Amino acid sequence: SDLRSGPMTQTGRALDVAVRGDGWLALQMPDGSEAYTRVGNLQVGADGQLTTLDSRPVAGESGPLAVPPGSALVITNEGVVSAIGAGDPAVGAAEVGRLKLVNPPAADLVRGDDGLFRMRAGGAPAQADPNVRLLTGTLEGSNVNPVEVMVDMIANARRFEMHMKTLQTA
C-alpha cells in the first residue's frame, strides 16, 4: 500500500475532515475491534452515532461517538467534536467527545479486503496520538494517478510478453 497523502480538496462541509500529514481515524468494527482509515467524509446516522458514509461508527477516545438529535456539529483540528443545539449561540457548544486519532508505525498496519487498515495479528489497538491534526471542511483525495498506473501496467505487460518470447526461443 502507498501510504502517502493525497491532494486536499476544500468542501466547506462541517463533517468533512482530512488527516493532516501522518495519522489515521479510528473506526469501531462490529466485532469490537478497531480499523483505521483516512476517509473523513462523516455523517450522523439515524441512531445519532457519528459514522462514515458506509455506516461504520467512528471511534472516540472512549468508544463510539453519539450526538444529540437535531444538533449541528463542529469538529476542531484536534478532533474535538462539539454539538450546538438548534437556535443556540455558537459559544454554548457542548463537547460530545474527541475523535480517536492514531499514528501507528506503517510496518504494524495490514490492509484488509474492505480497504481498511488494522494492526497486525496479535497487536494491541493503536493508542491515541495527540500530535495528529485534522483539516476541517476538507477531504483527502486518492494518492493514485490513474494515467501513471495504466502506463506502468502496459509496460509490465510488454515486459512479460518479451520474456515469454525469450523463453520460447530458448
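Residues numbered from 1 in each chain as written. Predicted model: local features only at pLDDT ≥ 70, side-chain atom pairs only at ≥ 80, totals over all residues. Heavy atoms only, no water.

Chemist: Help me understand the overall build of the chain in this model?
Modeler: Each helix and strand in the chain was counted, giving 1 helix and 16 strands. Taking 15 Å as the expected radius of gyration for a compact globule of 170 residues, we find that the chain reaches 20 Å, considerably beyond that expectation. For the C-alpha atoms alone, the extent of the chain along its principal axes is close to 80 × 35 × 30 Å. Within the chain, buried positions represent 33% of all 170 residues. Here the contacts in the chain between residues at least 6 apart in sequence split such that 60% fall between residues at least 24 apart. Accessible surface computed for the chain: about 10200 Å², of which carbon and sulfur atoms make up 55%. Taking the 14 positively charged and 19 negatively charged side chains of the chain as two groups, their mean positions are separated by 7 Å. (Helix = DSSP H or I, 4+ residues; strand = E, 2+ residues; numbered from the N terminus. Rg over C-alpha atoms; globule rule 2.2 N^0.38 Å. Buried < 20%, exposed > 50% of the residue type's maximum accessible area, 1.4 Å probe, protein only. Contact = heavy atoms within 4.5 Å. Areas by Shrake-Rupley, 256 points an atom, 1.4 Å probe, with all protein chains shown as cover. Lys, Arg positive; Asp, Glu negative; His and termini not counted. Charge placed at Lys NZ, Arg CZ, Asp CG, Glu CD.)

Chemist: Where do I start with the packing of aromatic side chains in this structure?
Modeler: Where two aromatic rings form a pair, the distance of their centres and the angle of their planes describe that pair. A full pass over the atoms with the stated rule returns 1 aromatic pair. Relative to Phe117, the ring of Trp24 has its centre 4.9 Å away and its plane inclined at 50°; by these criteria the two rings are tilted. Of this pair, Trp24 sits in strand β3 (residues 24-28) while Phe117 sits in strand β14 (residues 117-119), and the two are 93 residues apart along the sequence. Residue classification places Trp24 among the buried residues on the basis of a relative accessible area of 7%. (Phe/Tyr/Trp six-rings, centres within 6.5 Å; stacked < 30°, edge-to-face > 60°.)

Chemist: Just to check I follow, could you spell out the sheet that holds strand β10 (residues 80-84) for this structure?
Modeler: Sheet strands pair via backbone hydrogen bonds, and the direction of the pair is either parallel or antiparallel. Spatially, 3 strands are ordered β9-β10-β11 in an open sheet, and the strand pairing comes out antiparallel. Of all strands in the sheet, those with a lone pairing partner are β9 (72-75) and β11 (94-98), marking the two edges. Pairs of neighbouring strands in the sheet enclose a mean axial angle of 30°, with direction left out of account. Bridge analysis of β9 against β10 gives 4 bridges, and the strand direction is antiparallel. Residue Val74 lies in a different strand from β10, and its bridge partner there is Ser82. (Pairing = 2+ DSSP bridges. Axes fitted to C-alpha atoms, helices over the stretch in contact; angles between N-to-C directions.)

Chemist: Looking at this structure, I do not really get the pattern of salt bridges. What am I missing?
Modeler: Think of it this way: side chains of opposite charge can pair up when their charged atoms draw near. Here the structure, examined in full by the defined rule, presents 6 salt bridges. A salt bridge links Arg56 to Asp114; the nearest nitrogen and oxygen atoms lie 3.9 Å apart. With Arg56 in the loop between β6 (50-52) and β7 (59-60) and Asp114 in the loop between β13 (109-111) and β14, this pair connects stretches of sequence that are 58 residues apart. Accessibility expressed as a relative area gives 33% for Asp114, which makes it partly exposed. Of the charged contacts, one joins Arg118 and Asp114 as a salt bridge, the two residues approaching to 2.7 Å between their closest N and O atoms. Owing to a relative accessible area of 24%, Arg118 belongs among the partly exposed residues under this scheme. Because the salt bridges share partners, they merge into one network encompassing Asp54, Arg56, Asp114 and Arg118. (Salt bridge = Lys/Arg side-chain N within 4 Å of Asp/Glu carboxyl O.)

Chemist: Would you explain the nonpolar core in this entry?
Modeler: The nonpolar side chains of a soluble globular protein tend to be buried with one another. Membership of the largest hydrophobic core comes to 21 residues, with the highest contact counts inside it found for Leu50, Ile75, Leu99 and Leu134. Ile75 has contacts with Ala14, Leu15, Val17, Leu42, Val80, Val81, Leu99, Leu134 and Thr136, leaving out every residue within four places of it along the chain. In terms of nonpolar packing, the next biggest core, distinct from the first, is built from 9 residues, Tyr36, Phe117, Met119 and Ala126 among them. (Core = buried A, V, L, I, M, F, W, Y, C linked by side-chain atoms within 4.5 Å.)

Chemist: Could you clarify how one ought to interpret unusual backbone geometry in this entry?
Modeler: Peptide bonds are, in most cases, trans, and in most cases residues other than glycine have a negative phi. For Ser55, which is not glycine, the phi torsion reads 65° and is therefore positive. Structurally, Ser55 is set in the loop between β6 and β7.

Chemist: Would you mind going over the environment of Asn77 with me for this structure?
Modeler: Here Asn77 lies in the loop between β9 and β10. Classification of Asn77 by relative accessible area gives partly exposed; the value is 31%. Asn77 sits 58 residues away from Leu135 along the chain, and the two C-alpha atoms are 5.9 Å apart. Ignoring any residue separated from it by four or fewer positions in sequence, one finds Asn77 in contact with Arg20, Val132, Arg133, Leu134, Leu135 and Thr136.

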